[in-house]
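Examination of the molecular architecture
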Amino acid sequence: MAVPAGSVIAEGGLLVELQIRDGDYVPDQAGGLRRLSGSNALLQRVLFRLIARRGTFPFWETLGSRLWELGRLPASERQAAARQYVAEALEEEPVSVASVTLADAGDGRASLTAELICEGGTLSVAVSV
């Protein structure tokens, strides 16, 4: 089994992820670090991959998305590009993209909602771009 980056294998072979909030690991009540597993771990990885700028990690150039580039495109091309960028960012995750909806927020930003299909069912994520 390939272990996703940021994941660790805990006792019993359970794949867990260290929880991140505002760029830092989240401490638990026992002096360690809080761990996520299952759909919560997948959700964290998906959100991180969508928010991080692709190409900014020198040793992992495929990590992240190009969603931040949407503002450079003509409005007529943004929806198709958003779907492509989401698919690129998540190609290493065990999900497939069912739909991507891009809505202009009117202040130079947009909100993006992606419906993803994973082995446990569906996952809906929303990010601002």
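Residues numbered from 1 in each chain as written. Predicted model: local features only at pLDDT ≥ 70, side-chain atom pairs only at ≥ 80, totals over all residues. Heavy atoms only, no water.

Things to note about the pairing of strand β7 (residues 110-118)
Only one face of β7 is buried, namely the one carrying Ala110, Leu112, Ala114, Leu116 and Cys118, since none of Ser111, Thr113, Glu115 and Ile117 on the opposite face is buried. Judged from the 9 bridges that link them, strand β6 (residues 95-104) and β7 form a sheet pairing that is antiparallel. Paired with alanine 103 across the strands is serine 111, a residue of β7. Linkage of β6 to β7, two consecutive antiparallel strands, is achieved through a turn of 5 residues, within which glycine 106 is found at a positive phi near 85 degrees. (Buried < 20%, exposed > 50% of the residue type's maximum accessible area, 1.4 Å probe, protein only. Helix = DSSP H or I, 4+ residues; strand = E, 2+ residues; numbered from the N terminus. Pairing = 2+ DSSP bridges.)

Thoughts on the nonpolar core
By size, the foremost hydrophobic cluster in this structure holds 23 residues, and its most contacted members are Val46, Leu50, Val86, Leu112 and Leu116. Contact partners of leucine 116, with chain neighbours within four places excluded, come to Val46, Leu90, Val95, Ser96, Val97, Ala98, Gly121, Thr122, Leu123 and Val125. (Core = buried A, V, L, I, M, F, W, Y, C linked by side-chain atoms within 4.5 Å. Contact = heavy atoms within 4.5 Å.)

Observations regarding the pairing of strand β8 (residues 121-128)
With 8 bridges joining them, β7 and β8 adopt antiparallel strand pairing. Looking across to β8, one finds that glutamate 115 is bridged to serine 124. Two successive antiparallel strands, β7 and β8, enclose a turn made up of 2 residues.

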